[in-house]
Number of protein chains: 2
Amino acid sequence: MNIEPIAYIHTDFDEKFGIPRQSGRVRSLTGRIVFVPEYRKPEALRGIDGFSHLWLLFDFSLAHREGWSPTVRPPRLGGNTRIGVFASRSPFRPNNIGLSCVRFERIEKTPDEGDVLIVSGVDLLDMTPIYDIKPYIPYADCHEDAVGGYADRESGHRLDVVFPDEMLELIPDEKRQAASGCLSDDPRPAYQNDPARIYSMAFAGFDIRFTIDGDVLRVTEVVRR
Amino acid sequence: MNIEPIAYIHTDFDEKFGIPRQSGRVRSLTGRIVFVPEYRKPEALRGIDGFSHLWLLFDFSLAHREGWSPTVRPPRLGGNTRIGVFASRSPFRPNNIGLSCVRFERIEKTPDEGDVLIVSGVDLLDMTPIYDIKPYIPYADCHEDAVGGYADRESGHRLDVVFPDEMLELIPDEKRQAASGCLSDDPRPAYQNDPARIYSMAFAGFDIRFTIDGDVLRVTEVVRR
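Here the structure is a predicted model, which is why all the values come from computation and not from measurement.

Caption draft 1: Up close: helix α4 (residues 176-184) of chain B. All names here are of chain B. Those residues of α4 that sit buried are A178, A179, G181, C182, L183 and S184. Of the surrounding secondary structure, the elements contacted by the buried residues of α4 are β9 (160-162), β10 (199-203), β11 (206-213) and β12 (216-224). Positioned one or two residues after α4, D186 has a phi angle of 65°, which is positive.

Put into structure tokens, the structure is as follows:
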């Protein structure tokens, strides 16, 4: 079956490093969903404001590869343990469709882009193609008794973020909370553990550089990209 | 993007009428997910038994149409109220991809079809093409505070099913509970309310015929198809 984007989402991430590993991890991280002209119809959104959460089906646009691998190595398992691709949310899968749950914030009426959906808790790269938007239906989608395998273990992992004021102030006010939130979610791949290493996260037009020692992440530099 | 089925699901429904309107409504309704030969690799399922629930991305195979409509009329709203397609889980949408959450029951090892996934709480037509299987991750997917718009209203609606013993006994033992469960979920479209009308649900090779008066569904006949 051929599928085509109905929209593109705009976020503060134009590189993968630092994007939260699941949706909903950083509430303050917002996205703007702009429909392509063919699907830019206000009626198509009628009633959407009755829902608090939405599902996005999207393209893992940086994960297209020839062929497929039956196993993947989730970064949160240290990058050494192989898990079946269908037991993972890895972007590298036979059909590169991602599934994220975001909060619906509001509809923004714009002169040039029509009705834009503002959502939060995103985990998507800037300009990710969106294939579908579906409402979250609590009685069918929320399973309080669900067991999440290896993914349960890491859900509580957070770093303490030390973000010196003079560096934080370089970032626009309304984006500071999201920047800190993404850092606290520990962007490191595969439990790298080298306190001397300087990492760099591209966010909202800045490179945010930091080190991690134990559970403490320290921002060392913020530079405009 | 072109996507291709990784598997097909086998269920007891070869017609749409009577299929629960959301996944998880009828726990005893099971499905067998048989992978196509290219994706029939036991490693691809490694670790899946750590999860209690799975997401299925599938083809709304009976809902392919030319063009798209920005609004739909959900049957549970009486079939008269128009809702935006992106505020609905309607099968008629720009990209005909469905999303269901099912319970993982077990892996069945078979000589001819490889490792088959047995799932329950299905809401899918027999032979529906499956595009992806992802684990349900409770911390990202279960939002206890979610609000479900118009869909919240109908989640509690159930009928009392009167299924006379001599008719129930025509159906194989292990399928009786699922048959009753689907009936109690009220298969009528658009709140039809005609006590004289005889409905027929195709299930597991039988036609189950019934009437509905108020909140009581009465099975009147069971015949082999």
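Caption draft 2: Looking closely at the pairing of strand β8 (residues 128-135) of chain A. All names here are of chain A. Along β8, eight of the eight residues are buried, which leaves the element largely enclosed by surrounding structure. One ladder, built from three bridges, connects strand β1 (residues 7-10) with β8; its direction is antiparallel. Paired with Y8 across the two strands is P129, which belongs to β8. Relative to β8, strand β3 (residues 53-59) runs antiparallel, the two being bridged by five bridges. Pairing of F58 across the sheet is with I130, part of β8.

Caption draft 3: Representation of the sheet that holds strand β3 (residues 53-59) of chain B in the model. Residues and elements named next belong to chain B. The sheet built from six strands closes into a barrel, its strands ordered β1-β2-β7-β6-β3-β8 with antiparallel pairing. Each neighbouring strand pair of the sheet contributes to a mean axis angle of 45°, computed without reference to strand direction. Judged from the four bridges that link them, strand β1 (residues 7-10) and strand β2 (residues 30-35) form a sheet pairing that is antiparallel. For H10, the partnering residue across the bridge sits in β2 and is R32.

Caption draft 4: Molecular detail of the interface of chain A and chain B. Each partner contributes to the interface: chain A provides 70 residues, whereas chain B provides 70 residues. Between chain A and chain B lies a buried interface of about 6,400 Å² when both sides are counted; carbon and sulfur atoms form 62% of it. Considering only the side of chain A, the residues that lose the most area to chain B are M1, F86 and Y139 of chain A, jointly responsible for 14% of the buried surface there. Applying the counting criterion to the chain A and chain B interface returns six salt bridges. Among the salt bridges present, the one from D132 of chain A reaches R93 of chain B, with a minimum N-O distance of 2.7 Å. Summed over the shared surface of chain A and chain B, the number is 32 residue pairs in polar contact (both at pLDDT 80 or more). Of all the secondary structure elements, the ones that give two or more residues to the side of chain A that touches chain B are β3, β5 (83-84), β6 (97-110), β8, α1 (138-141) and α2 (149-153) of chain A. Here the residues of the side of chain A that touches chain B sort into 35 nonpolar, 18 polar and 17 charged.

Caption draft 5: Spatial organisation of the domain arrangement of chain A. Residue and element names in this part refer to chain A. Each assigned domain of chain A is listed here: domain 1 (7-61 + 96-141) and domain 2 (157-224). Once you take the C-alpha centre of each, domain 1 and domain 2 turn out to be 25 Å apart. With twelve residues of domain 1 in contact, the opposing surface of domain 2 contributes 19 residues. For the pair domain 1 and domain 2, the two sides together bury roughly 1,300 Å², of which 52% comes from carbon and sulfur. The largest per-residue losses of area from domain 1 upon contact with domain 2 belong to D12, F17 and R25, which jointly make up 47% of the total buried on that side.

Caption draft 6: Representation of unusual backbone geometry within the structure. Unusually for a residue other than glycine, D186 of chain A sits at a positive phi of about 65°. Mapped onto the elements of the fold, D186 of chain A is located in the loop between α4 (176-184) and β10 (199-203). A relative accessible area of 2% places D186 of chain A in the buried class. At A204 of chain B, a position not held by glycine, the phi torsion is positive, near 55°. Within the element layout of this structure, A204 of chain B appears in the loop between β10 and β11. Overall, the relative accessible area of 19% leaves A204 of chain B in the buried class.

Caption draft 7: Seen up close, the relation of the copies chain A and chain B. Each copy of the sequence occupies a distinct position, and chain A is placed on chain B by a rotation of 180° and an axial shift of 0.0 Å, giving an RMSD of 0.0 Å. Such a combination of rotation and displacement between the chain copies is what one expects of a two-fold axis. The residues that chain A uses at the interface reappear at the interface of chain B in 100% of cases, marking a shared surface.

What counts, and where the lines are drawn
- Residues numbered from 1 in each chain as written.
- Chains lettered and ligands numbered in written order.
- Predicted model: local features only at pLDDT ≥ 70, side-chain atom pairs only at ≥ 80, totals over all residues.
- Heavy atoms only, no water.
- Buried < 20%, exposed > 50% of the residue type's maximum accessible area, 1.4 Å probe, protein only.
- Helix = DSSP H or I, 4+ residues; strand = E, 2+ residues; numbered from the N terminus.
- Contact = heavy atoms within 4.5 Å.
- Pairing = 2+ DSSP bridges.
- Axes fitted to C-alpha atoms, helices over the stretch in contact; angles between N-to-C directions.
- Buried area = accessible area lost by both parts, 1.4 Å probe.
- Salt bridge = Lys/Arg side-chain N within 4 Å of Asp/Glu carboxyl O.
- Polar contact = N/O pair within 3.5 Å; in protein donor to acceptor, adjacent residues only side chain to side chain.
- Nonpolar A, V, L, I, M, F, W, Y, C, P; charged D, E, K, R; others polar.
- Domains from an automatic or database assignment.
- Least-squares fit on C-alpha atoms with pLDDT ≥ 70 in both.

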